[in-house]
Amino acid sequence: MSDPLLWHRLQFAFTIVYHYLFPQLTMGLALLIVVLKSASLRSGDERWDDAARFWIRILGINFAVGVVTGVPMEFQFGTNWAAFSKYAGGVIGQTLGMEGLFAFFLESSVLGLLVFGEHRIGRRAHFLAALAMFAGSWLSGYFIVCTNAFMQYPAGHAVGSDGALYLTDFWTFLLSPWALAEYAHNMVATVITGSFVMAAVGAYYILQDVHRDQGRRFLRVGVTAGLVSTVLVAFPTGDRQAKLVARYQPVSLAAMEGHFETAHAAGIVLIGQPNVREKRLDNAIVIPGFLSFLAYGTFHAEVPGLDRFPEDTWPDNVELLYYAFHVMAGLGTLFIGLMGVAMLLQWRDALLRSRPVLWMLMLAFPFPYIATTAGWMTAELGRQPWLVYGLMRTSQGASPNMHSGTVLFTLIGFTGLYFVLGVLFLFLIAREIAHGPAPVDDHLLEARPHLEEVRIG
C-alpha cells in the first residue's frame, strides 16, 4: 500500500474509465444525429429535426461532462507518469497535441452551432454542422486510439542518444495496422452505445405511452444501427483485433483465454476459472479448435500457452484480464441476439406491441458501457507489464518523486468531484428525457418557406 506505483495506476485507471463513459456516447450519437438530420432533409418531415434536436441536447450535456473529466486525465502524464512522458513524449505528444488543437476545438466550435444555431443558419447548414461534429469527434477518437496503439505496437520511432523515443516516420506511426484495427473496433463499439441509449429512450416512451411518434423513430434508428454495429464489432473488427493480438502479443492472448499450456487445435473457453497458482483452468467448458481458428485461421494451428513465456512477461493480473475479456465477448454475443430479435419484430411491425422486448431494450442501455469498459481493461491489462510494449515497463514510467500519500489524496479528491459530476449529469439527462422531444410548431412550419426566402434575400 505504500508503493506509489499502485496508486498511480489506480488513479489513472479510475479517471480514464470514468472519463470514457462520456466520449463513447458523444461519438456514437454524433453519427446517429447525422442519420436523423439526413432523414429530415430527404423526407422533408420536420419531426426528424425534432428528434435530432433532442439528441443534440443530450450530446451537449454529455460532451461538457466529458471535457471536464478528460482534462485531468491528460495532465496525469506529467504529474503521475513523468518518466514515461520524458521517454515517449517525442512520439505520443504528436497525436495528443493534434487531438487538442484540431479535433477538440472543431468539436467545441461546432457544438455551439448545433445547439443554438439551427434557426440562424438554416436546415442544410445545420446538417453540415452535424457532419462537422461527427468528423471532429471521430477524428479526436482516432488521435487518442493512435496514441494507445503505439503503446501496444510501437511503430515509426527510433531511440535517441539520450535513451528517449523520437518519431522517425509519421505515417508509419499514424497508420500502423494496430491503430487502424483498434480504431475500427472502438468506433463501432461507440455506435453500439449510442444505439442502445437511443433505443432505450424510445422503448421508455412507448412503454409510458408518451411521445409515441418520436419513440417509434428512436426505436427504428436505434435498433437498425444497433444490429449493424453489434455484428461489425464482432466481425470483421473484433476478429482483426484478435488476430493482431495473437501475432504480436501472444502472451496476452494466452492470459485472456486462460490458456496455460501450449496446444494444437486449442479450444475457446466459454466458462471457466483461471487457477494461476496451479497453472490450470478450473471447471472449463471449451469449444475445441475454435481458439486456433480465431487466432490463426485454421482449426489445427498451435496456440502458445503461458508455459511458453517467462512469468515476468505475463500480464500482472491474469484473473482480472481473463474475466474482463469474457465479459466483453459474452455481452457482445448477447447484444447481437437482442438486437436481432428486436429487428425481426420491427420488420414484422410488431416491436411496439412486444412489451417484454421493449423492457429488455429499455433496461439494456448500461451494458454497452460495461462491455466497452471491459474491452479497455482487456487491452490495458493485456499490455502489462509493459507501458510501451517490449520497450518500457510500467514500473519504470511513474513519476519518481511522487509520494504515495499525495497520489492517494488526489485520488480521493477525484472520486468526490466525479461523484458530484455524475449526479449532476444524471439529473440533467433525466430532465431532458422527462421533457421529451419538442413538438413540431405548425406556425413555424407555415412560416419556414418565408423565413428561408428572407434569409436567402
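What counts, and at which threshold
- Residues numbered from 1 in each chain as written.
- Predicted model: local features only at pLDDT ≥ 70, side-chain atom pairs only at ≥ 80, totals over all residues.
- Heavy atoms only, no water.
- Helix = DSSP H or I, 4+ residues; strand = E, 2+ residues; numbered from the N terminus.
- Rg over C-alpha atoms; globule rule 2.2 N^0.38 Å.
- Buried < 20%, exposed > 50% of the residue type's maximum accessible area, 1.4 Å probe, protein only.
- Contact = heavy atoms within 4.5 Å.
- Lys, Arg positive; Asp, Glu negative; His and termini not counted.
- Charge placed at Lys NZ, Arg CZ, Asp CG, Glu CD.
- Axes fitted to C-alpha atoms, helices over the stretch in contact; angles between N-to-C directions.
- Left-handed = near helix turned anticlockwise from the far one by under 90°.
- Nonpolar A, V, L, I, M, F, W, Y, C, P; charged D, E, K, R; others polar.
- Core = buried A, V, L, I, M, F, W, Y, C linked by side-chain atoms within 4.5 Å.
- Pairing = 2+ DSSP bridges.
- Parallel < 35°, antiparallel > 145°, perpendicular 65-115°, else oblique.
- pLDDT = per-residue confidence, 0-100.

### Section: the overall build of the chain
Right, so step 1: What the chain contains, in helices and strands, is 17 helices and eight strands.
Right, so step 2: Taking 2.2 N^0.38 as the reference for a compact globule, 457 residues should give roughly 23 Å; the C-alpha atoms of the chain span a radius of gyration of 24 Å, in line with that estimate.
Right, so step 3: Along the longest, intermediate and shortest principal axes, the C-alpha atoms of the chain span 75 × 50 × 40 Å.
Right, so step 4: Relative to its full complement of 457 residues, the chain shows a buried share of 51%.
Right, so step 5: Across the chain, the fraction of contacts at a sequence separation of at least 24, relative to all contacts at a separation of at least 6, is 77%.
Right, so step 6: Distance from the positive charge centre (29 side chains) to the negative charge centre (33 side chains) of the chain: 6 Å.

### Describing the packing of helix α13 (residues 318-347) against helix α15 (residues 366-383)
Right, so step 1: Remark: α13 packs on α15, axes separated minimally by 8 Å, with the N-to-C direction vectors making an angle of 145 degrees. The crossing of α13 and α15 is left-handed. On α15, the residues that touch L320, L321, A324, F325, V327, M328, L331 and F335 of α13 are F367, P368, I370, A371, A374, G375, M377, T378, L381 and G382.
Right, so step 2: Counted by class, the contact of α13 with α15 contains 15 nonpolar, three polar and no charged residues.

### Let's talk about the nonpolar core
Right, so step 1: Ranked by size, the top nonpolar core spans 60 residues in total, and within it W81, F84, Y142, F150, L253 and L306 carry the most contacts.
Right, so step 2: No other element matches helix α6 (residues 123-152), which puts eight residues into this core.
Right, so step 3: Among residues more than four places away in sequence, those in contact with L253 are V245, A246, L291, A295 and V303.
Right, so step 4: Membership of the second largest hydrophobic core comes to 40 residues, among which are L29, V110, M198 and V201.

### Observations concerning the pairing of strand β4 (residues 268-275)
Regular strands place their side chains on alternate faces of the sheet.
Right, so step 1: Note that β4 and strand β5 (residues 280-287) share six bridges and pair antiparallel. Directly across from Q273, in β5, lies its bridge partner D282.

### What about the environment of E257?
Right, so step 1: Of note, E257 is situated in the loop between α11 (250-256) and β3 (263-264).
Right, so step 2: What makes E257 buried here is its relative accessible area of 2%.
Right, so step 3: Put simply, E257 and F105 are 152 residues apart on the chain and 41 Å apart in space, counted from C-alpha to C-alpha.
Right, so step 4: In contact with E257, other than residues within four places in its own chain, are I268, V269, L281, L291, Y322, F325 and H326.

### What to know about the packing of helix α3 (residues 47-79) against helix α4 (residues 82-116)
Two numbers describe a pair of packed helices, the interaxial angle and the distance between the axes.
Right, so step 1: The N-to-C vectors of α3 and α4 enclose an angle of 160 degrees; their axes lie 12 Å apart at closest approach. Judged on the interaxial angle alone, α4 and α3 are roughly antiparallel. As α3 runs across α4, the sense of the crossing is left-handed. Residues I56, L59, G60, F63, V67, E74, F77 and G78 of α3 form the contact with α4, whose participating residues are A82, F84, S85, L96, E99, F104, E107, S108, L111, L114 and V115.

### Brief notes about the confidence of the model for the chain
Right, so step 1: Scored by pLDDT, the chain has a mean of 92; 96% of the residues are at 70 or more.
Right, so step 2: Within the model, the stretch residues 440-457 combines pLDDT values under 50 with 17 contacts to residues more than four positions away or in other chains.

### With respect to unusual backbone geometry
Right, so step 1: Following F235, the chain continues into P236 via a peptide bond in cis, with omega recorded as 10 degrees.
Right, so step 2: When you line up the elements, P236 lands in the loop between α9 (212-234) and α10 (237-248).
Right, so step 3: In this structure, P385 follows Q384 across a cis peptide bond, with omega equal to 10 degrees.
Right, so step 4: Locating P385 in the fold gives a position in the loop between α15 and β7 (386-388).

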